[in-house]
Amino acid sequence: MRKIIVLEHISLDGVIQAPGGPDEDTSDGFAYGGWAAPYDDEAIGTALRKMMNSPFDLLLGRKTFDIWAAYWPQHADGWPGANTATKYVASNTLTSSEWQPSVFLSGDVAEKVAELKQQPGPDLHIWGSGNLLQTLIKHDLVDVFWLMIYPITLGAGKRLFADGTIPAAFKVTESIVGSNGVIVVNYERAGAVPTGGL
Amino acid sequence: MRKIIVSSFITLDGVMQAPGGGEEVFKYGGWSAPYFDKVVDKVLEEQQKKPADLLLGRKTFEIFASFWPEHEDIWPGINDMTKYVMSNTMTKSDWKNSVFLKSLADIEKIKKTDGSDLHVSGSGELTQLLLKNDLVDELWLLIHPLTLGTGKKLFDNGTIPAALTLTESLATPTGVIIANYTRAGEVKTGTIGA
C-alpha cells in the first residue's frame, strides 16, 4: 500500500497557485506568481530537502508535468530524484514523453490512482497539480498533506481545498516553524470529522 | 490608535462557522470541541486577559449578550469592556457598556481614538468587511486539523493580498496550530532558486 502525499506551498487563505515564479502559472490573470520565493529559510529548506530526498514516485497533473519535463532533465543536480522517480501523469491527451520513466493515466483517474495505491512501491508525492488534487481530495485518496503555510494572504488564485473538499479529520505528526514565519505541518488522514457541541 | 485583532478558530480549509456549536444551525457545528484541551484553554485565557474592548457583529453580539452577563466568572471583565457593535438595526442593549456603530467610518473613528485594542471574535460578516478594507492589524488563528468542505470561510471573496509577520506559534497535542500574525506590508514575489 503506497501512500499519497501532497506537498504544497500554501498561503494563509489556501492558495497554491504559482508559488515558485512569475511565469509558473498565470491562468485566470494570477498576478502574484513567485510569492514563496522571498521566504527562503534554513529550517524550512532542510525539511524540504528531507522530503525531496526520501524514496518516492511522482503523481502529477498534466500541466505540472509539462512544466517539470521542460526543467528537471536539465537540472538533475538540483534534484536527482525528480528524474529517477516514475512520473504517473493524469492526462486524457498526453500518452508519452521523452522524460522517463513516465506512465500516463487516462479515463477514470480516481479509479486508476486507487489501483496504483494498492501496488508495491514507494509513496507517491504530488506537487502543484491543482486540478488533479481536486479529484484526489474528492475521492478521499490523499493520505498525507505536507503543507508549508506562508504568512500571506493572496485573495485570488487556485486553492488547495476548493469545492468538493470532503469532511475529514487529520492528525498532526510534525510541525516546524521557520524564522521567516513559514509553518510546515504534516497532516495525516485520521478518520471522520467528530461532531458534537462543546 | 487602537489595533483591531481578529481571533478565529478555523479549519484547514478555512471554515470559521460555528466552531463551538449550539449558536448556529450548521451541520458540523461544534467541530472545535474534540480538539479543545488544557493547552488551548490556557492560550485563550491569556488572550482574554489582555486589556481589550470588543468589536462585534450584531449576530455575535446577541449571542454574547444572552450568555456573558451571567457568566463573568468564565471571562472576567467581559461585562466591563466596551462592546462596539456594528449593526444597521440595533441601537441599544441591556448589556452594559454597549456602543452601536453604523458604518465603516464609525469603526475607523473608534480605531483612531486612544484606548484598549479592539478584539473581534465570531462576527463573520464584520470580519469580511474589516479584511476587505485592510483594517485588521493582527490575526490570532487556531488552525484545527480538519476539513469540512462547507461553511463560512474566514478568507472569503474580498480578501486582499497582504503580507504578515508570524509573531507567535504553537502546535497543541491535539494538532491545533496556534499562530498569531501582524500585518506587514505588501506581498513580495520572486523566483525560487534564482
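Small disclaimer: the values here were computed from a predicted structure and weren't measured. (Residues numbered from 1 in each chain as written. Chains lettered and ligands numbered in written order. Predicted model: local features only at pLDDT ≥ 70, side-chain atom pairs only at ≥ 80, totals over all residues. Heavy atoms only, no water.)

Q: Can you walk me through the sheet that holds strand S2 (residues 56–61) of chain A in this structure?
A: Note on sheets: strands pair through backbone hydrogen bonds, and any given pair is parallel or antiparallel. With respect to topology, 9 strands assemble into an open sheet ordered S4(A)-S3(A)-S2(A)-S5(A)-S1(A)-S6(A)-S9(A)-S8(A)-S7(B), the strand pairing being mixed. Every interior strand has two partners, whereas the edge strands, strand S4 (102–105) of chain A together with strand S7 (146–147) of chain B, have only one. In terms of strand pairing, strand S8 (residues 168–177) of chain A meets S7(B) through 2 bridges, oriented antiparallel. Bridge assignment links Ala169(A) to a residue of S7(B), and that residue is Leu146(B). The sheet strands contacting helix H4 (residues 109–118) of chain A are strand S1 (4–11), S2, strand S3 (87–90), S4 and strand S5 (123–127) of chain A, and the helix crosses S4(A) at an angle near 135°. (Pairing = 2+ DSSP bridges. Helix = DSSP H or I, 4+ residues; strand = E, 2+ residues; numbered from the N terminus. Contact = heavy atoms within 4.5 Å. Axes fitted to C-alpha atoms, helices over the stretch in contact; angles between N-to-C directions.)

Q: Teacher, can you tell me more about the interface of chain B and chain A here?
A: Much of the literature gives interface size as the accessible area that the parts lose upon coming together. In this assembly, 39 residues from chain B lie in contact with 42 residues from chain A. Contact between chain B and chain A buries roughly 3,300 Å² in total, counting both sides, with carbon and sulfur atoms accounting for 67%. Linking chain B to chain A there are 0 salt bridges. Taken together, chain B and chain A are joined by 9 residue pairs in polar contact (both at pLDDT 80 or more). Residue assignment for the side of chain B that touches chain A shows that the elements contributing at least two residues are strand S6 (138–144), S7, strand S8 (162–171) and strand S9 (177–183) of chain B. (Buried area = accessible area lost by both parts, 1.4 Å probe. Salt bridge = Lys/Arg side-chain N within 4 Å of Asp/Glu carboxyl O. Polar contact = N/O pair within 3.5 Å; in protein donor to acceptor, adjacent residues only side chain to side chain.)

Q: I'm lost on helix H2 (residues 62–69) of chain A in this one. Help?
A: Count 3.6 residues to each turn of an α-helix, and residues three or four apart come out pointing the same way. Residues and elements named next belong to chain A. Regarding H2, the residues found buried are Thr 64, Phe 65 and Trp 68. The arc that holds every buried residue of H2, seen down its axis, measures 100°, which confines them to one face. Elements in contact with the buried residues of H2: S2, S3, S4 and S5. (Buried < 20%, exposed > 50% of the residue type's maximum accessible area, 1.4 Å probe, protein only. Arc of directions from axis to C-beta.)

Q: Can you walk me through unusual backbone geometry in this structure?
A: What is expected of a backbone is that most residues other than glycine have negative phi and most peptide bonds are trans. Look at the link from Gln100(A) to Pro101(A): it is a cis peptide, with omega at -10°. In this structure, Pro101(A) sits in the loop between S3 and S4. Within the chain, Asn97(B) stands out as a residue other than glycine whose phi angle is a positive 60°. As for its placement among the helices and strands, Asn97(B) is situated in the loop between strand S3 (83–86) and strand S4 (98–101).

Q: Is there a simple way to explain the pattern of salt bridges in this structure?
A: When their charged atoms lie close together, side chains carrying opposite charge are able to pair. With the rule as written, the count across this model stands at 14 salt bridges over all chains. The salt bridge involving Arg189(A) is made with Asp140(A); its shortest N-O contact spans 2.8 Å. Pair noted here: Arg189(A) is in strand S9 (residues 183–189) and Asp140(A) is in the loop between helix H5 (130–138) and strand S6 (144–150), with a separation of 49 residues, a long-range link. Assessed through its relative accessible area of 36%, Asp140(A) is described here as partly exposed. Two residues, Glu46(B) and Lys49(B), come together in a salt bridge whose shortest N-O distance is 3.6 Å.

Q: Explanation requested: H4(A) in the structure shown.
A: Residues and elements named next belong to chain A. Turning to H4, its buried residues are Val 109, Ala 110, Val 113, Leu 116 and Lys 117. What you see down the axis of H4 is that its buried residues fit within an arc of 120°, all on one side. Along its buried surface, H4 packs onto S1, S2, S3, S4, S5 and H5. Its side-chain oxygen placed 3.3 Å from the backbone nitrogen of Ala 110, Asp 108 serves as the N-cap of H4.

Q: What is the right way to read the packing of aromatic side chains from this model?
A: The description of an aromatic ring pair uses the distance of the two centres, along with the angle that the planes make with each other. If you walk through the whole model with that rule in mind, you get 21 aromatic pairs over all chains. Both rings, one in Trp79(A) and one in Trp127(A), keep their centres 6.1 Å apart while their planes meet at 80°; by these two values the pair is edge-to-face. Pair noted here: Trp79(A) is in the loop between H2 and helix H3 (80–84) and Trp127(A) is in strand S5, with a separation of 48 residues, a long-range link. Aromatic ring contacts, followed pair by pair, group Phe56(A), Trp68(A), Tyr71(A), Trp72(A), Trp79(A) and Trp127(A) into a single cluster. Cation over ring: Arg189(A) sits above Phe170(A), and NZ or CZ is 5.9 Å from the ring centre. One residue, Lys83(B), lies across the ring of Trp95(B), its end atom 4.2 Å from the ring centre. (Phe/Tyr/Trp six-rings, centres within 6.5 Å; stacked < 30°, edge-to-face > 60°. Lys NZ or Arg CZ within 6 Å of the ring centre and 35° of its normal.)

Q: Can you walk me through the environment of Arg189(A) in this structure?
A: Residues and elements named next belong to chain A. Overall, the relative accessible area of 25% leaves Arg 189 in the partly exposed class. Each C-alpha atom, one on Arg 189 and one on Asp 140, is 9.2 Å from the other, the two residues being 49 residues apart in sequence. With near-sequence residues (within four places) excluded, Arg 189 lies in contact with Asp 140, Val 142, Asp 143, Ile 166, Pro 167, Ala 168, Ala 169 and Phe 170. Within the local environment of Arg 189, its side chain forms a polar contact with the backbone oxygen of Ala 169, the two atoms lying 3.2 Å apart.

Q: Looking at this model, I keep getting lost on the side chain of His125(A). Mind explaining?
A: Within the fold, His125(A) resides in strand S5. Contacts of His125(A), omitting those with residues within four sequence positions, involve Ile5(A), Leu7(A), Met51(A), Ser54(A), Phe56(A), Asp57(A), Leu58(A) and Leu59(A).

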